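# Structural features, examined
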Amino acid sequence: MKLYIKNMVCNRCKLAVQSEMEKAGLEVIHMELGEVDLLKEPTTRQLEQLETGLNSLGFELISDQKSRVIEQIKTQIISMVHYADKPEHFKLSVLLADRLHHDYSYLSNLFSAVEGITIEKYHIAQKIERVKELLVYNELSLSEIAYQMSYSSVAHLSSQFKQVTGLTPSAFKSLQKQQRKPLDMV
């Protein structure tokens, strides 16, 4: 049986979910961001215990199909942006349609209707959060960051960064307190 979990966006999240699965007495076969395959069907009591435990940690079991698809879109984008799970040159619409086995117009309309922003804007917001992270680490030049994040130029990165944050990358870098957001809050 497969369970879908909202806000499961990083490897630490996977550890937390795994712990809740064990507490509920559920045996996990395989786990991906946002998805868990179980050995056998959980009882109602196990599902209630799991849901309570997950909710206390900021996760949520997803039961309806549309919510699952939206969470899969978010998980795919987070994986592409933060874990480099993408081909070198890719078109977001084609990649999402291929990976999620749905027409992109369906994915786009559903995402926009439920989330209130387009898939593209969500993707850009995730990219900017990753750029912020890389700027804070101070290990790469802006040009290296632009290349790593698949921007056509430093100017394009800087323009998009300023449009989203209101700051240039240099101004952001010079701030004492960086304004980063958790991935599930982007």
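Residues numbered from 1 in each chain as written. Predicted model: local features only at pLDDT ≥ 70, side-chain atom pairs only at ≥ 80, totals over all residues. Heavy atoms only, no water.

### Notes on the pairing of strand E3 (residues 35–38)
Sheet topology note: the strand E1 (residues 2–6)/E3 ladder contains 3 bridges and is antiparallel. Note on E3: the bridge partner recorded for Tyr 4 is Glu 35. In terms of strand pairing, strand E2 (residues 28–32) meets E3 through 4 bridges, oriented antiparallel. For His 30, the partnering residue across the bridge sits in E3 and is Asp 37. (Pairing = 2+ DSSP bridges. Helix = DSSP H or I, 4+ residues; strand = E, 2+ residues; numbered from the N terminus.)

### A word on the sheet that holds E1
Across the sheet, which stays open at both edges, the 4 strands sit in the order E2-E3-E1-E4 with antiparallel pairing between neighbours. Lying at the two open borders of the sheet, with one neighbouring strand each, are E2 and strand E4 (60–62). Direction aside, neighbouring strands of the sheet carry axes that sit 30 degrees apart on average. The strands that helix H1 (residues 11–23) touches are E1, E2 and E3; relative to E2, the one it contacts most, it runs at about 155 degrees. Helix H2 (residues 44–56) rests against E1 and E4 of the sheet, and its axis sits at about 125 degrees to E4. (Axes fitted to C-alpha atoms, helices over the stretch in contact; angles between N-to-C directions. Contact = heavy atoms within 4.5 Å.)

### Quick notes on helix H5 (residues 104–115)
Taking 1.5 Å as the rise per residue, H5 with 12 residues should run 16 Å; its terminal C-alpha atoms sit 16 Å apart, in good agreement. Among all positions in H5, only Tyr 104, Leu 107, Ser 108, Leu 110 and Phe 111 are buried. Elements that come into contact with the buried residues of H5 comprise helix H3 (65–82), helix H4 (92–100) and helix H6 (119–137). (Expected span 1.5 Å × (residues − 1). Buried < 20%, exposed > 50% of the residue type's maximum accessible area, 1.4 Å probe, protein only.)

### Here's the deal with the packing of aromatic side chains
Scanning all chains against the criterion turns up 2 aromatic pairs. Considering the side-chain rings of Phe 161 and Phe 172, the 5.6 Å spacing of their centres and the 70 degrees angle between planes classify their relative orientation as edge-to-face. In this pair, Phe 161 sits in helix H8 (residues 154–165) while Phe 172 sits in helix H9 (residues 169–174), placing the two residues 11 residues apart along the sequence. As far as burial versus exposure is concerned, Phe 161 and Phe 172 are alike and both buried. Above the ring of Tyr 151, the side-chain terminus of Lys 127 is found at 4.0 Å from the ring centroid. (Phe/Tyr/Trp six-rings, centres within 6.5 Å; stacked < 30°, edge-to-face > 60°. Lys NZ or Arg CZ within 6 Å of the ring centre and 35° of its normal.)

### Things to note about the state of the cysteines
Going through the model one piece at a time under the given rule, you end up with 0 disulfides. Between Cys 10, a cysteine without a disulfide, and Cys 13, which holds the nearest cysteine sulfur, the sulfur-to-sulfur distance is 3.2 Å. The class for Cys 10 is buried, based on a relative accessible area of 13%. (Disulfide = S-S within 2.5 Å.)

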